[in-house]
Structure formats: structure tokens, C-alpha cells
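An overview of the molecular structure
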Amino acid sequence: MNVVYEDNHIIIVSKRSGEIVQGDKTGDRTLADDVKAYIKEKYAKPGNVFIGVTHRLDRPVWGLVVFARTSKALARLNDMFRNGEVHKTYWAICQNTPEQPEGTLTHWLTRNEKQNKSYAYNREVPGSKKAMLHYKVIGRSERYTLIEVELLTGRHHQIRCQLAKIGCPIKGDLKYGARRSNPDGSISLLAHMVEFIHPVSKENIHVVSDVPDDNLWREITSSTRS
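Note on numbering: residues in each chain are counted from 1, in written sequence order. Predicted model: local features are reported for residues with pLDDT of at least 70 only, side-chain atom pairs are reported and counted for 80 or more only, and whole-chain, interface and lining totals are derived from all residues. The side-chain values count all of the structure's non-hydrogen atoms but skip hydrogen atoms and water molecules.

**Regarding the overall build of the protein chain**
Each helix is a run of DSSP H or I of at least 4 residues and each strand a run of E of at least 2, with the numbering of both proceeding from the N terminus. What the protein chain contains, in helices and strands, is four helices and 11 strands. Atoms considered for the radius of gyration are the C-alpha atoms alone. The globule rule reads 2.2 Å times the number of residues to the power 0.38. Relative to its length of 226 residues, the protein chain is compact, with a C-alpha radius of gyration of 18 Å against a globular reference of 17 Å. Expressed along its principal axes, the backbone C-alpha trace of the protein chain runs to roughly 55 × 45 × 35 Å. Counting all 226 residues of the protein chain, 46% fall into the buried class. Every residue pair with non-hydrogen atoms within 4.5 Å of one another is taken to be in contact. Sequence-distant contacts in the protein chain: of pairs separated by 6 or more residues, those separated by 24 or more amount to 62%. Classification of residues uses two cut-offs on accessible area relative to the type maximum, computed with a 1.4 Å probe and protein chains only: under 20% is buried, over 50% is exposed, and between them is partly exposed.

What follows is the structure, given as C-alpha cells:
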């Protein structure tokens, strides 16, 4: 487990593809379980360890997940996520390149629970929720484009669905139109950066994730480094 930040109130972990943040119908061990075990061992804590899940990250996605270590931090972080005070930036390796190198996408998303999939529409339809994100092309390889995404709303599969809607499905994301799967079952989407005001100390927290240990990720992100 890769811990990238911790203090008395919060802990931020860089998740690997395939790990689940919170329990689901599979019954598989969760990242929250691993964080509890880590804290219990590191600090020799007796009894149960408190860990609060503040947000989720899809199972095949890589990157940063913020957990609360106290109930006070959990309550405040929940409010901050709800009010858009936690700023997250994602990197996506996509098939195809958007027509515009930078822009804001606005769609209305509906969710099909049975398929575990969202559908994007250009106008409001019954049962839909407005979804907005800002994107920018920041890198290229021979066959793929690296797109930086800032979420302006938080909807189910939002980045995956909206990028696919403009003809740029994420590499490996068969559910949203990728040509083939990735060998490790991941999709090429990384929760790359998170920034917020600490819910207790009021310091500015700014954390960046390493890129996955993969040749394409290394190649396509090398041009973004100054």
C-alpha cells in the first residue's frame, strides 16, 4: 500500500487498479481494510481503528484516495466534497484526440444500475443529472492522447462517460468503447492530484500521485514534466 500523506486526522493513499475503496457485492478485501490494518500496526492501536471513506474511485482506476482518521475530519471532508471544496485532477490516456485541445464538457447523465453504466446526452432527459468537466490535452504518444481533467461535478463514471461521448474513450475501458482491454484489467485513468484546505489544521494540502509503473504511462507523461 502506497501512503502519500498522513497526519492525525487524514490519510491519503495511492490506489492500484483492481483495488476497491469500499465493500461491494464481491466481498473482496477493501482498501479501507488495508488502511485500518496499516494504522493498527504502525501505531499499535488496540481495538477497532476508525477509518472514514470520503469518496470512491472506480475499481479499474489508479490514483489518490482520501480517508478520514477521525469522525470530526470525516464530517468536515464530507461537507467539503459536497460543496466542491476538494479539487481533484485526473489524467486519462485516450484513443483519439478531442477536436478542441481544451474545453468544458456539459452533458446530462443517466445511470443504468443493472449495467453499472452511465449514458450521456446533450440535453436534459428524464432522470438525468447535469455533468460538467474541464479538459486539456497535455501529452501525446504515437497512438494515444493524454488528457488532463478537472471535475466540476461528481457523477457516476463521469469522466469515462463524457470522454467517450466526444469520441475519446479511455484506453482499456471496454464498457465505454475502447477497442481492447488492458492486459492487467485496468483502465488508463489516474486520479493524479488532490488539493484542499485541511479540515482541522486549515493548512493547504496538495498531493500528487506517481504514474502507474507502465511503459505507455511513462512515455506519454514524460513530455508533461518541466
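**Remarks on the packing of aromatic side chains**
The geometry of an aromatic ring pair comes down to the distance between the two centres and the angle between the two planes. Only Phe, Tyr and Trp rings are paired, with Trp represented by its six-membered ring, and only when their centres lie within 6.5 Å; those with planes under 30 degrees apart are stacked, over 60 edge-to-face, the remainder tilted. Counted according to the given criterion, the structure contains zero aromatic pairs. For a Lys NZ or an Arg CZ to count as sitting over a ring, it must be within 6 Å of the ring centre and within 35 degrees of the ring normal. Positioned over the ring face of Tyr176 is Lys117, at 5.6 Å from the centre of the ring. For the cation-ring pair, Lys171 lies above Tyr144, with the distance from its terminal atom to the ring centre recorded as 5.7 Å.

**Quick word on the layout of surface pockets**
Residues are called lining when one of their atoms sits within 4 Å of a cavity or pocket point, these points coming from a 1 Å grid over the protein atoms alone, where a cavity is a set in which a 1.4 Å probe fits but cannot get out and a pocket is an open set with protein on both sides within 12 Å along at least five of seven lines. Grid points are joined across faces, edges and corners, and a volume is the space filled by probe spheres set on the points. The volume enclosed by the largest pocket comes to roughly 1,600 Å³. Along its surface, the largest pocket is lined by 41 residues, and Arg56, Asp58, Arg155, His156 and His157 are the ones closest to its centre. Its residues assigned to classes, the lining of the largest pocket comprises 13 nonpolar, 14 polar and 14 charged. Roughly 230 Å³ of volume is contained in the second largest pocket. Around the second largest pocket, the lining comprises 16 residues; the ones closest to its centre are Asn2, Ser14, Lys15, Arg16 and Trp62. At the level of elements, strand 2 (10-15) and strand 4 (62-68) are the ones that each hand at least two residues to the lining of the second largest pocket. Of the residues contributing to the lining of the second largest pocket, the split by class is seven nonpolar, four polar and five charged. Classification used: nonpolar for Ala, Val, Leu, Ile, Met, Phe, Trp, Tyr, Cys and Pro, charged for Asp, Glu, Lys and Arg, polar for all others including Gly.

**Some points on the environment of Phe196**
Residue position: Phe196 is located in strand 10 (residues 189-197). Taking the relative accessible area as the measure of exposure, Phe196 reaches 2% and is therefore buried. Measuring from C-alpha to C-alpha, the distance between Phe196 and Arg76 comes to 12 Å, with 120 residues separating the pair along the chain. Contact partners of Phe196, with chain neighbours within four places excluded, come to Ile10, Ile12, Val66, Leu77, Met80, Glu85, Val86, Glu203, Asn204 and Ile205.

**A word on the nonpolar core**
Here, the term nonpolar core denotes a set of buried Ala, Val, Leu, Ile, Met, Phe, Trp, Tyr and Cys residues that are joined through side-chain atoms within 4.5 Å. Counting residues in hydrophobic clusters, the biggest one holds 29 residues, and the most contacted among them are Ile51, Phe67, Val149, Ile159, Leu163, Ile170 and Leu189. Broken down by element, this core gets its largest block of residues, four residues, from helix 1 (residues 31-42). Setting aside anything within four residues of it in sequence, one finds Val149 in contact with Lys88, Thr89, Tyr90, Leu133, His134, Tyr135, Ile159 and Leu163. Among the nonpolar cores identified, the runner-up in size contains 14 residues, and Ile10, Leu64, Val66 and Val207 belong to it.

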